[in-house]
Amino acid sequence: MDGWMQGSLARVKLKNFVTYESVEFKTGPHLNIIIGPNGTGKSSIVCAICLGLGGKTNLLGRAREIGEFVKHGTNVAIIELELYNKHGLNYTIKRSISRDNKSDWFINQRPVNLKEVTALAKKLNIDVNNLCQFLPQDMVAEFCKDVAFSVTRIN
């Protein structure tokens, strides 16, 4: 896979997550942009990526409990993320979330715990707590307060 970096997000699959009944898409090796009108689920995809990599709900500013991300009328949501592995088969992280705030974790179909998921993310240099790597929509204003920057107009 030409141009792919170790740990790059290669595929996202969601089932009964927030507003999505079922969606699956592949990404490219470079910049990927999710576009669409307001209310179509763009931020939900970002939330799924964060939560699928072991991020906490408070990082997202959307819900306090993980069970709140389960689609209304269903009992379980599934997040599946495929991460590029230049040394062999890609890594697949799967998180099953129940309405009663319990999660089951899998890496390449093997049951694991959250610690193993976060260790894999760390090994791949993924840090969802680093706002320079991962900036949820609801945290943009907070990030701008914390970062000194200037805008220069060029004529």
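Not measured: the values here are computed from a predicted model.

Notes on unusual backbone geometry
And then number 1: In this structure, Gln109 is a non-glycine residue whose phi angle is positive, near 70 degrees.
And then number 2: Looking at the element boundaries, Gln109 is found in the loop between strand E5 (103-107) and strand E6 (110-112).
And then number 3: Judged by its relative accessible area of 76%, Gln109 falls in the exposed class.

Some remarks on the pattern of salt bridges
And then number 1: Considering all chains together, one arrives at five salt bridges under this definition.
And then number 2: Of the charged contacts, one joins Glu24 and Arg11 as a salt bridge, the two residues approaching to 3.1 Å between their closest N and O atoms. Within this pair, whereas Glu24 is found in strand E2 (residues 20-26), its partner Arg11 is found in strand E1 (residues 9-17), the two being separated by 13 residues in sequence.
And then number 3: Given the relative accessible area of 9%, Arg11 is considered buried.
And then number 4: With a closest N to O distance of 2.7 Å, Arg11 and Glu82 form a salt bridge. Placement of the pair is Arg11 in strand E1 and Glu82 in strand E3 (residues 76-83), with a sequence separation of 71 residues. Taken individually, Arg11 and Glu82 each receive the classification buried, so the pair is uniform in this respect.
And then number 5: The structure contains a network of salt bridges with shared partners spanning Arg11, Glu24, Glu80 and Glu82.

Concerning helix H3 (residues 114-123)
And then number 1: Of the positions making up H3, those classed as buried are Val117, Leu120 and Ala121. The arc that holds the buried residues of H3, viewed along the axis, is 100 degrees, so those residues lie on one side. Opposite the packed face of H3, turned more than 90 degrees from it, sit the exposed residues Lys115, Lys122 and Lys123.
And then number 2: Contact partners of the buried residues in H3: helix H1 (42-52), strand E4 (91-98), E5 and E6.
And then number 3: For H3, the capping residue at the N-terminal end is Asn113, with a side-chain oxygen 3.1 Å from the backbone nitrogen of Lys115.
And then number 4: Positive phi shows up at Asn125, right after H3, with a value of about 60 degrees.

What counts, and at which threshold
- Residues numbered from 1 in each chain as written.
- Predicted model: local features only at pLDDT ≥ 70, side-chain atom pairs only at ≥ 80, totals over all residues.
- Heavy atoms only, no water.
- Helix = DSSP H or I, 4+ residues; strand = E, 2+ residues; numbered from the N terminus.
- Buried < 20%, exposed > 50% of the residue type's maximum accessible area, 1.4 Å probe, protein only.
- Salt bridge = Lys/Arg side-chain N within 4 Å of Asp/Glu carboxyl O.
- Arc of directions from axis to C-beta.
- Contact = heavy atoms within 4.5 Å.
- Polar contact = N/O pair within 3.5 Å; in protein donor to acceptor, adjacent residues only side chain to side chain.

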